[in-house]
Amino acid sequence: SAARYTTEDSDTAYIADKVLDFLRLRRREDWLIHAVFLRPHPPLIAPAPYNTAVDVRNIPAPVRLASREAEAATHPYLAEWLKEMSLPGYFDSPLDLHALPEEDRDAIRAVYFGLITEVDTQIGRIIDHLKATGEYDETLIIFTSDHGEMLGDHWCWGKGGYFDASNHVPLIIRDPDAPRSARGRQVSAFTESIDLMPTILDWMGSPTPVENSGHSLAPWISGKTPDLWRKAVFWEFDFRNLTTNRYEQGLGLTSDECTLNVVRDHAYKYVHFTNLPPVLFDLRKDPGECVNLADDPAHAATLARYAGHLLSHRMLHAERTMTNAMLSDRKSTRLNSSHTVISYAVFC
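If you're wondering where the values come from, they're calculated on a predicted model, not measured in any experiment.

## Focus on the overall build of the protein
Here comes step 1: Within the protein, the regular secondary structure consists of nine helices and six strands.
Here comes step 2: Once the C-alpha set of the protein is aligned to its principal axes, its extents read approximately 60 × 55 × 45 Å.
Here comes step 3: Scored against the burial criterion, the 348 residues of the protein give a buried share of 38%.
Here comes step 4: Within the protein, contacts between residues separated by at least 24 positions form 62% of all contacts whose residues are at least 6 apart in sequence.

## Some points on the side chain of H75
Here comes step 1: Relative to the helices and strands, H75 resides in the loop between α2 (68–72) and α3 (76–84).
Here comes step 2: A polar atom in the side chain of H75 sits 2.6 Å from the backbone oxygen of P277.
Here comes step 3: Ignoring sequence-local partners within four residues, the contact set of H75 consists of Y162, F273, L276, P277, P278, V279 and N292.

## With respect to helix α1 (residues 11–25)
Here comes step 1: Here α1 is 15 residues long and its end C-alpha atoms lie 21 Å apart, about the 21 Å a rise of 1.5 Å per residue gives.
Here comes step 2: Among all positions in α1, only T12, A13, A16, V19, L20 and L23 are buried. With its buried residues spanning 125° around the axis, α1 presents them on a single face.
Here comes step 3: On its buried face, α1 sits against α4 (102–133).

## Let's talk about the confidence of the model for the protein
Here comes step 1: Residues with a pLDDT of 70 or more make up 91% of the protein, whose mean pLDDT is 91.
Here comes step 2: For the stretch residues 331–348, pLDDT sits under 50, and the model shows 13 contacts to residues farther than four places along the chain or on other chains.

What counts, and at which threshold
- Residues numbered from 1 in each chain as written.
- Predicted model: local features only at pLDDT ≥ 70, side-chain atom pairs only at ≥ 80, totals over all residues.
- Heavy atoms only, no water.
- Helix = DSSP H or I, 4+ residues; strand = E, 2+ residues; numbered from the N terminus.
- Buried < 20%, exposed > 50% of the residue type's maximum accessible area, 1.4 Å probe, protein only.
- Contact = heavy atoms within 4.5 Å.
- Polar contact = N/O pair within 3.5 Å; in protein donor to acceptor, adjacent residues only side chain to side chain.
- Expected span 1.5 Å × (residues − 1).
- Arc of directions from axis to C-beta.
- pLDDT = per-residue confidence, 0-100.

Below you can see the structure in the form of structure tokens.
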């Protein structure tokens, strides 16, 4: 069923309305807008017509093993996470999602995509306004997200863990200055969220602070391919729960041990836990991340190689952090000695 509120009264429409109000008042000014849409997000309830906008038959089936028990057997962390999903309140639901009939879970997934459609519509309103005022060809537009959604993959719901479904997010950039030949380009090279700030600063003609570890995406946007670019991505996830201590108690860990680190390239994904067994996926043969090869002697050398990649990355990051701290301390010393205050403003 549809939400009790209308499309015009949804939180998604509200955010778009406020962005448009801001733009109308600042037509003759430079501006920067960080518009954050909550949806799609639980509770998965959409106003009409978005509650039925997407036919469940057009949604790919979840990627998962034959049963929840089989999935849980692949790793202790995953087993504990799946247990948590059966508790009332998880995913903003009073029900055990695993106890629902399959057709009900499919309906929930369809509403999720309907909420995405609603976000598309509201962003379209903002773009239409920019075109009508002539600002569209003066504005750098970046669309991305902070995380993905399991949506039934591996019998999981919500965000978390090490699967791509939770961590592979969209990134769409529209640069009005890009050559026409580069428009619509799709790039499969790896990028991370830390690349967004240098991309924006590069577009503005401003230098990137030394503290930043990202790289500008400007070459890709302009149709070029950089000679040097990252060959893998890295991320970390802290799954401690200081309220319930469920992972600490269920897995026999301290809170500080409830962490995992991931290195992923086009060939493999390696997951290192602070005090749990590792995970290794061969993404070329197993793109759905269903077979953990960490205990397979035939992959021992690969496991060690990727553990080394992750260690090298953390060592580099630690070195940069220390260097940046030293630079920041020197800057502070200079500022304090000269009683100088510097402020920075960013405009689009």
